[in-house]
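Overview (structure and organization)
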Amino acid sequence: MARSTTTAAPTWAAVVVALIALGGYVVTLAPHLTFWDAGEFITAARTLGIPHPPGTPLYVLLAHVWGLLPLGEYAERINLFSAVCSAAACGLWFLVAQDIVWRMHPDADDASRRVLAIAGGACAALLGAFTFSVWQNATEAEVYASASVGIAAVAWCATQWRSQRETGSGAPQLLLIGYLLALLVADHMMGLLVGPAAIALLLAERRCRPLTSESAARAELARIALLGAAWVMIVAIGLAYGALVIVGLVMLALATAFAWRQGERAMAAAMIAVVLVGVSALLFLLVRGREHPLLDQGNPGNWHNLIAAISRAQYPPRTPFDDPTVMHGAGNPGRTLTLLVYQLGNFAQYFDWQWARSLGDPSRPSIPRLAITLAMATLGIRGAFAHRRRDPASFAMIMTLFLVAGPVLVLYLNFKPGPSIGWNVWARGLDHEVRDRDYFFVASFVAWSIWVGIALADAVRHWAPRLAARHRGWALAVCGVAVIPFAGNFRDASRRLTAESDFPRDFGRALLQSVPPDGILFTYGDNDTFPLWYLQQVEGVRPDVTVICLALTQANWYISQLRDMPHVDATDGMLPAIWQHAARPAVNWPVHPMSDSAIDAFVPYLAIRREELDLPPYGQAIVPVGAAVEPLDLTLFAILRTNAGRRPVAWALSADDALHGLGSGLVQQGMVYVMPIDPVDSANLIGGAAAGTNGIPLDVTTTRTLVDQVWHFGKLETEGDASLDPNIRAVAMTATQAITQVGLALAMRGDTVAAVAELRRAKRISGDSLAVATLVRWGR
């Protein structure tokens, strides 16, 4: 039997490869928090909180422990945790790939074989490590990096099993695979995609190299059956889907009975035990939920809410057969061929991004990038054919991983078209995903990278049958193709060197500091909410502001949490100078008075008559005839009734859709529309062009003080927004709207010099179109 690993122990090489990857990640690591989910995950890690369903308890626990290390500021520590996980995954993929290359060249002399295995394995691992999507996940606080190291670990355990199956010591590897899969369900369901790939290797190895003993072969099949049934059960638990749980239980019972007959009773009991121990990590949600942490999404402190959180009940349902641009239900027209073509086109677009995304505009084809993509595609296909021919068992694993984590996942997830595709067919923004979802497919891109590494090693073997000393440097140089994604993705993957590196924290700070002391702030989505949670609970910035995410007020548990949320009184130490002399209400009442029974009893309805909430002197909140009245509206009205005139109530500019017709008594201060508890001097107010799209007057004095003395936008102030992702550029436009408005207000008051300075600042930070147009009109 051919040896399964190189004669030179590969551990040192795996460590070197992992350190190379880690070095690349560290120099591009986000120094602070990033947008989207990172602020929520960092907050959860610091406070042992519960992020959005399904709660990712394993990630929270691991990141919390890692965060105890005294390495820079807290956000950077958690970002580094992702980098270390991704680097570890790179090292494990090296072990997998070098094992494959070693097995593929049994006719080579040991020295040549060793060079091929190490060089091909390193090339495959580093190609995968620096694909764009993997690199992006490795430099911010996200769950995909920890899931990726789990996927790599399972693949490595499967290759180890191949080496040990004939000695009778392969069973522990199968138990370890079962445990890792069970554990990954508490991190991210993406980790379970490797299950079918590992099982494919086990079955293919059994078919290609059957054991000579019939009883041993049956016992081996029983062990594989146990692992397969356990995987189905783990998936069922991870989805909390009752019908699939029943299927999993039946399969596990049948596999256990078969194993029992083959004398594998201890294996059956051990497999069930490790699965139960692994999935028990989900119980952290139940235990911690009963403590009611400040970050407590889904409120999984009882069994009903725990199952709802794990099953993602708060999200609108969507099946693989739906048209995702239409709500699930009787009116859904179903998935069309056109939609499927665009979804697969999106996957192809993401594949194109992996190797040299920085070469040209990612939203449209680039000849240099396309040339590199075609080269990588060709190499991957060549590697796949060579792999299938020479090592069909591990080919089954890599092919299954590529398909399951790629095209099959496209079919299952049924995403809307991404924001960079399909606008000619779907013209509404709501018909597109809010951001590109390339990060879901990272395991598929890594699988392809392994084939590229195999192809290069195969090419070297073909061109230089004996890798004598004079050939080895050349062989390693050929495998230097791994440098291509590092160079081709560096600009777009780097988070440390870009203008965005400081912006999420600066934006969140500016938004919080726009709110008067002890105010209520309505936000709407991830990017205007999660940075605020992070700043309040990790850095202690303005904890006196009650942040209410309107998107979450559709969930009953969140409405109840708002009522029970403790209030932190403002002090001079937490306020900028502009607010230190403002009125501070002694808040000793809940944000709303609704009982749980009243919240649970509410049923959405269509308004049959115009509904008005009088809030003198702020105007009327209105629900027009025929409008849908949702839990959001119920909550908003209850909060306004309770707090208008008692606490400052503010809407972020990004949440202006929830103003409900209010406006006459509101003022804009910085990045918020405010119901002030003290009247604002009319001499400070200005309307017209400076008032913005909602016609709410601008408090010029307060806003200018915030803009000039409180807000700072880091590198955006000097480098501009050219490097920003379109989604982040939209946030920057929101941040600079007030700066433009101050500039226009100053111009209306005759201070042209100061106006030009403000408008130029807005232009520099976000390219604000109104600021640009005004400067052009003025010839500035």
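See the structure above.
Notes on the structure follow. Computed from a predicted model, the values in this text were never measured in an experiment.

1. Examining the overall build of the protein chain
- The helix and strand inventory of the protein chain stands at 31 helices and eleven strands.
- Taking 2.2 N^0.38 as the reference for a compact globule, 780 residues should give roughly 28 Å; the C-alpha atoms of the protein chain span a radius of gyration of 29 Å, in line with that estimate.
- Across its three principal directions, the C-alpha atoms of the protein chain cover 90 × 60 × 55 Å.
- Counting over 780 residues, the protein chain shows a buried share of 59%.

2. Description of the nonpolar core
- If you look at the biggest cluster of nonpolar residues, it comprises 233 residues, and the most contacted ones within it are Tyr-25, Trp-93, Phe-503, Leu-640, Trp-651, Trp-711 and Phe-713.
- Sequence-distant contacts of Phe-503, defined by excluding residues within four places in its chain, comprise Phe-35, Phe-713, Leu-716, Ile-728, Val-731, Ala-732 and Ala-735.
- Counting six residues, the second-largest nonpolar core is a separate cluster that includes Ile-686, Ala-690, Val-700 and Leu-744.

3. Some thoughts on the layout of surface pockets
- Its volume calculated, the second largest pocket comes out at about 1100 Å³.
- Lining the second largest pocket we find 42 residues, and of these Phe-132, Gln-136, Arg-357, Asp-725 and Pro-726 sit closest to its centre.
- Among the secondary structure elements, those contributing two or more residues to the lining of the second largest pocket are α6 (132–138), α21 (483–493) and α29 (726–748).
- Residue composition of the lining of the second largest pocket, grouped by class: 18 nonpolar, eleven polar and 13 charged.

4. Things to note about helix α5 (residues 110–129)
- In this model α5 runs 28 Å from its N-terminal to its C-terminal C-alpha over 20 residues, within 8% of the 28 Å that 1.5 Å per residue would give.
- Among the 20 residues in α5, 16 count as buried, and that is most of the element.

5. With respect to the pattern of salt bridges
- Under the defined criterion, the tally for this structure stands at 30 salt bridges.
- Salt-bridge contacts for Arg-390 lead to Asp-458; the nearest nitrogen and oxygen are separated by 2.3 Å. Separated by 68 residues along the polypeptide, Arg-390 in helix α16 (residues 367–390) and Asp-458 in helix α19 (residues 442–463) bring together distant segments of the chain.
- Exposure remark for Arg-390: the relative accessible area of 33% places this residue in the partly exposed category.
- Via salt bridges that share partners, Arg-162, Arg-165, Glu-205, Arg-206, Arg-209, Glu-220 and Asp-391 belong to a single interconnected network.

6. Some details on empty space enclosed by the protein
- Applying the stated criterion across every chain, the model contains four cavities of 30 Å³ or more.
- Looking at the largest cavity, it is lined by 14 residues, and the ones nearest its centre are Ala-89, Trp-93, Val-134, Ser-148 and Val-446.
- Those elements that provide at least two residues to the lining of the largest cavity are α4 (74–104), α5, α7 (144–164) and α19.
- For the lining of the largest cavity, the element with the highest residue contribution is α4, accounting for four residues.
- The residue inventory of the lining of the largest cavity, partitioned by class, reads eleven nonpolar, three polar and no charged.
- In this structure, the second largest cavity encloses a volume near 110 Å³.

7. Digging into the packing of helix α9 (residues 194–208) against helix α10 (residues 214–239)
- α10 packs onto α9 with a crossing angle of 170° between their chain directions and a minimal axis gap of 10 Å. In terms of their interaxial angle, α9 and α10 are classed as roughly antiparallel. Relative to α10, the crossing made by α9 is left-handed. Between α9 and α10, the contacting residues are Gly-195, Pro-196, Ile-199, Leu-202, Leu-203 and Arg-206 on the first element and Ala-217, Arg-218, Glu-220, Leu-221, Ile-224, Leu-227, Gly-228 and Trp-231 on the second.
- Among the residues forming the contact of α9 with α10, the class breakdown is nine nonpolar, two polar and three charged.

8. A few points about unusual backbone geometry
- The omega torsion of the bond from Pro-53 to Pro-54 falls at 10°, within 30 degrees of zero and hence cis.
- Of note, Pro-54 is situated in the loop between α2 (38–47) and α3 (57–66).
- One non-glycine residue, His-292, adopts positive backbone phi at about 55°.
- Classification of His-292 as exposed rests on a relative accessible area of 55%.
- One non-glycine residue, Arg-542, adopts positive backbone phi at about 45°.
- Residue position: Arg-542 is located in the loop between α23 (530–537) and β2 (546–549).
- For Arg-542, a relative accessible area of 0% corresponds to the buried category.

9. With respect to the pairing of strand β5 (residues 620–623)
- Relative to β5, strand β4 (residues 611–614) runs antiparallel, the two being bridged by four bridges. When the sheet's bridge partners are listed, Asp-614 is paired in β5 with Gln-620.
- Hairpin connection between β4 and β5: a loop of five residues separates the two successive antiparallel strands, and Gly-619 in this loop has a positive phi of roughly 110°.

10. A look at the side chain of Arg-165
- Structurally, Arg-165 is set in the loop between α7 and α8 (171–184).
- At 2.8 Å, the side chain of Arg-165 and the backbone oxygen of Arg-209 are in polar contact.
- Beyond its immediate sequence surroundings of up to four residues, Arg-165 is in contact with Glu-205, Arg-206, Arg-209, Leu-211 and Glu-220.

11. As for the packing of helix α15 (residues 337–356) against α19
- Orientation of α15 relative to α19, taken along the N-to-C sense of each, is 55°, at an axis distance of 11 Å. Here α15 is positioned oblique relative to α19, judged by the angle of their axes. The two elements α15 and α19 meet at a crossing, and its hand is right-handed. Contacts from Phe-347, Tyr-350, Phe-351, Gln-354 and Trp-355 in α15 reach Ser-444, Phe-445, Trp-448 and Ser-449 in α19.
- Broken down by class, the residue content of the contact of α15 with α19 amounts to six nonpolar, three polar and no charged.

12. Examining the side chain of Asp-492
- Among the secondary structure elements, Asp-492 is positioned in helix α21.
- Among the polar contacts made by the side chain of Asp-492, one reaches the side chain of Arg-491 at a distance of 3.2 Å.
- Apart from residues no more than four positions distant in its own chain, Asp-492 is found in contact with Phe-132, Gln-136, Arg-357, Ser-358 and Pro-362.

13. Concerning the environment of Gln-561
- As for its placement among the helices and strands, Gln-561 is situated in helix α24 (residues 556–564).
- Separated by 508 residues in sequence, Gln-561 and Pro-53 place their C-alpha atoms 16 Å apart.
- Beyond its immediate chain neighbours, meaning those up to four positions away, Gln-561 contacts Asp-296 and Asn-299.

14. A closer look at helix α30 (residues 752–766)
- The end-to-end C-alpha distance of α30 is 21 Å, a good match for the 21 Å that 15 residues give at a rise of 1.5 Å each.
- Here α30 has its buried residues at Ala-754, Ala-755, Val-756, Glu-758, Leu-759, Arg-761, Ala-762, Ile-765 and Ser-766.
- Where α30 is buried, its residues touch α27 (700–710), α28 (716–719), α29 and α31 (769–777).
- Following α30 by one or two positions, Gly-767 has its phi on the positive side, about 65°.

15. Let's talk about the pairing of strand β1 (residues 520–523)
- What you see with β1 is no split at all: Ile-520 and Phe-522 on one side and Leu-521 and Thr-523 on the other are buried throughout.
- Traced from β1 through α23 to β2, the parallel crossover comes out right-handed.
- Strand direction decides the pairing type here: β1 and strand β7 (residues 649–652), joined by three bridges, are parallel. Paired with Phe-522 across the two strands is Trp-651, which belongs to β7.

16. Quick notes on the environment of Arg-428
- Counting through the fold element by element, Arg-428 comes out in the loop between α18 (407–413) and α19.
- Taking the C-alpha atoms as reference, Arg-428 lies 42 Å from Leu-180; in sequence the two are 248 residues apart.
- Each residue touching Arg-428, except ones within four places of it in the same chain, is listed here: Thr-325 and Trp-423.
- Only 2.7 Å separates the side chain of Arg-428 from the side chain of Asp-431, close enough to count as a polar contact.

Calculation criteria
Residues numbered from 1 in each chain as written. Predicted model: local features only at pLDDT ≥ 70, side-chain atom pairs only at ≥ 80, totals over all residues. Heavy atoms only, no water. Helix = DSSP H or I, 4+ residues; strand = E, 2+ residues; numbered from the N terminus. Rg over C-alpha atoms; globule rule 2.2 N^0.38 Å. Buried < 20%, exposed > 50% of the residue type's maximum accessible area, 1.4 Å probe, protein only. Core = buried A, V, L, I, M, F, W, Y, C linked by side-chain atoms within 4.5 Å. Contact = heavy atoms within 4.5 Å. 1 Å grid on protein atoms, 1.4 Å probe; cavity = no way out; pocket = protein on both sides within 12 Å on 5 of 7 lines; lining within 4 Å. Points joined across faces, edges and corners; volume = space filled by probe spheres on them. Nonpolar A, V, L, I, M, F, W, Y, C, P; charged D, E, K, R; others polar. Expected span 1.5 Å × (residues − 1). Salt bridge = Lys/Arg side-chain N within 4 Å of Asp/Glu carboxyl O. Axes fitted to C-alpha atoms, helices over the stretch in contact; angles between N-to-C directions. Parallel < 35°, antiparallel > 145°, perpendicular 65-115°, else oblique. Left-handed = near helix turned anticlockwise from the far one by under 90°. Pairing = 2+ DSSP bridges. Polar contact = N/O pair within 3.5 Å; in protein donor to acceptor, adjacent residues only side chain to side chain. Right-handed = clockwise from strand over helix to strand, strands pointing away.

Structural measurements only, silent on function.
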